[in-house]
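Secondary and tertiary structure notes
Residues per chain, in single letters:
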Amino acid sequence: MVKGDSGMRKRTLVRAGVAAVTIAAVVILASPNGAFGQSSSTASTSPAHKVDFVEGTTADIKYTNPFTAISSSEYEILELNYDLLLQFGQKDLSASPGLAEMPTQSADGLTWTFKMRPGATWQDGQPVTSKDVLWTYRFVLQNDIGTLTSYFPFTTPDSFSAPDDQTFVWKTSKPTSAPLYPAWVYILPEHIWSKLSVKKASTDNSPVFPLVGSGAFQMDQWNKTAHTWSLSANKNYWGGAPQIDNYVIKKYDNVEAMVNALKTGDIDYASGISPDLFNSLKGVDGITTNAGVPSGFANLIFNTRGDYPAPDSSANPIGTGNPALLDPRVRTAIAMAIDKQDLVDRVLRGFGQPGTSIVPPRSAFWHWQPTPDETIPFDIAGANKILDDAGYVDTNGDGVREMPGGGKPLDFRLDIESEDSSRVRAARYIAGYLKQIGIQVTTQADSYQKTLAFWTANDFDMYMWGWGPDPDPSFILSVFTTDQCEIWSDACWSNKKYDQLYEEQKSATDLDARQKIVFQMQQLLYKENPEIVTYYDDTLEAYRSDRWTGFRLSPDPNGYLLNQYTTYSAITMHPVAAGQANAGSGGISTGVWGAVLLGIAAIIVIVVLVRRRKPDEERA
């Protein structure tokens, strides 16, 4: 939905009755539908008008099927449309009641019993029952939905049961605390999805549209040509009715266009803002900025598929990738040549921190940080020595090293998603760093779909990507296991020790014992470098605080206004009421403007009564 012109309407006041008309104009300006109180945005508080909230993004969507979705932008839609059995809590993203209450555990640690939330319904009015959970979880395991199976360790399809509509039971063959992690598997309505073929349900982009879920909003419009999608509010949502009517998302070609749309009032909220543009929004009247604690990381991924045990030994597992990247010494030299602090300072403008592990600092209990002795330092001389000692030398004097014996040159292509301006800039710096150690890098920025296609076709040397992992580390750790090659795995790295540790952490029931294993896994990844965590970037977002209020940070404090983990703000945000101050908006509130203008009007009345104007004088 396109929003109207948000500029002030011009007014011309005629000569007769100057004082009275001036007062009337001030009252209009101070009122919720006046030029200062409410622009012609669709975010109107009038019952006669639909209340639309419009978010800007630079990330497109491809999948709306919960079994095939892959990107954060897609998960944001799914989070609005569907519910989890247990959800992420608002305060710290820990496990909290969702469609079910927190489960109870049997004495032997093998059986978990969930009681369903009474009164929850699907958006078509049908009740949500334990049989919907049963169908969803069984479908994942029966059809080996590789993106989701890691949430169910030591579990088979027969491990689940629904003895009645309000009870769901999950049994495991070994003790595990996995049922306490929010399984990021959206519960689907059995009465709709069970009628589909397995192929249609598990592979189609949008097998059932509009999407029928139990969430706070329902996606009912997707204009692929205009790159706009819209969700209608579910006023019967068990978590509370949203205070808006429609949640609209518009894609922009670049961050600059998105930020300009925020400034002009065409959109109400934007995230994924580049640091320079984020700084430019500070102090702008009517706009509030928020820098949330890093929820994820940016990574430089190497093509290590040659390490993966290909089922067909005659196949070329590395595809078009440069074989030099299969050598851990080359990867370590690259890691040593990248100045991560420089990337934080120059690319992120300080809005972030140097990266180390795949578990972000937000998950403080699970985040491993290398000791000074374990840290791979920024050391150009040291990186050059590693390559020299390994026999990678420049034999023809062109400034680019070759593989030992005068083989293939260390000339790598680096693919980047063009929509992410920070990573595009980071790639240029990385190319400069690596030139100092005799490695040639050619950067190539393409669309999200094209970059993903390179990965799918195994047609890459290196690429930059990013992850926003679950608050619990189990999922992001699973990404690097051997069986996730060609599913979630970035590099198709394979390591038997790592796979073994992953199985061990799943069966750990003591938090401290599990933490020790999780640390070992992060340490192993850091040492082997199938990819490099370059930095943790703050979540930079901004919104029109002259129009909107009621956001709830998640986690709180230092969290995010809107995100793919929770829908708390999407439910509680609402238009600014007439006369309501906008804390932190960077401008003067509507109420203050009203008081100031009423004061001016009173002065004008007095002046008019005391002093006559010339007959031909006009005020506008």
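Preceding this paragraph is the structure being described.
First, a word on scope: everything that follows refers to the structure included in this document. Everything quoted here is computed from the prediction, not taken from an experiment. (Residues numbered from 1 in each chain as written. Predicted model: local features only at pLDDT ≥ 70, side-chain atom pairs only at ≥ 80, totals over all residues. Heavy atoms only, no water.)

In terms of nonpolar packing, the biggest core is built from 103 residues, with Y137, Y247 and I358 touching the most fellow members. Sort the elements by how many residues they give to this core and helix α3 (residues 130–142) lands first, with 7 residues. Residue contacts for I358: discarding those within four places in its chain leaves F297, P469, I476, L477, F480, Y498, L525, E531 and V533. Membership of the second largest hydrophobic core comes to 42 residues, among which are I338, I376, L414 and L434. (Core = buried A, V, L, I, M, F, W, Y, C linked by side-chain atoms within 4.5 Å. Buried < 20%, exposed > 50% of the residue type's maximum accessible area, 1.4 Å probe, protein only. Helix = DSSP H or I, 4+ residues; strand = E, 2+ residues; numbered from the N terminus. Contact = heavy atoms within 4.5 Å.)

This part takes up the sheet that holds strand β17 (residues 462–467). On the basis of which strands lie adjacent, the open sheet formed by 6 strands has the order β14-β18-β13-β17-β15-β16 and mixed pairing. What marks the edges here is a single partner per strand, and that holds for β14 (352–354) and β16 (440–446). The average undirected angle you get between the axes of adjacent strands in this sheet is 25°. As paired strands, strand β13 (residues 297–302) and strand β18 (residues 531–537) are joined by 4 bridges and run antiparallel to one another. Paired with L300 across the two strands is I532, which belongs to β18. Across the sheet, helix α11 (residues 421–435) is in contact with β13, β15 (411–417), β16, β17 and β18; its angle to β15 comes to roughly 165°. (Pairing = 2+ DSSP bridges. Axes fitted to C-alpha atoms, helices over the stretch in contact; angles between N-to-C directions.)

Here 7 strands make up an open sheet; going across it, the order is β8-β9-β10-β1-β11-β19-β12 and the pairing mixed. One side of each edge strand has no neighbouring strand; the edge strands of this open sheet are β8 (217–223) and β12 (287–292). Ignoring strand direction, the axes of neighbouring strands in this sheet form an average angle of 20°. Pairing of β12 with strand β19 (residues 539–544) involves 6 bridges; the strand directions are antiparallel. Note that in β19 the partner of A291 across the bridge is L540. Across the sheet, helix α2 (residues 72–81) is in contact with β1 (52–57), β8, β9 (228–233) and β10 (246–251); its angle to β8 comes to roughly 140°. Of the strands in this sheet, β1, β11 (269–271), β12 and β19 are in contact with helix α6 (residues 255–264), which crosses β19 at around 30°.

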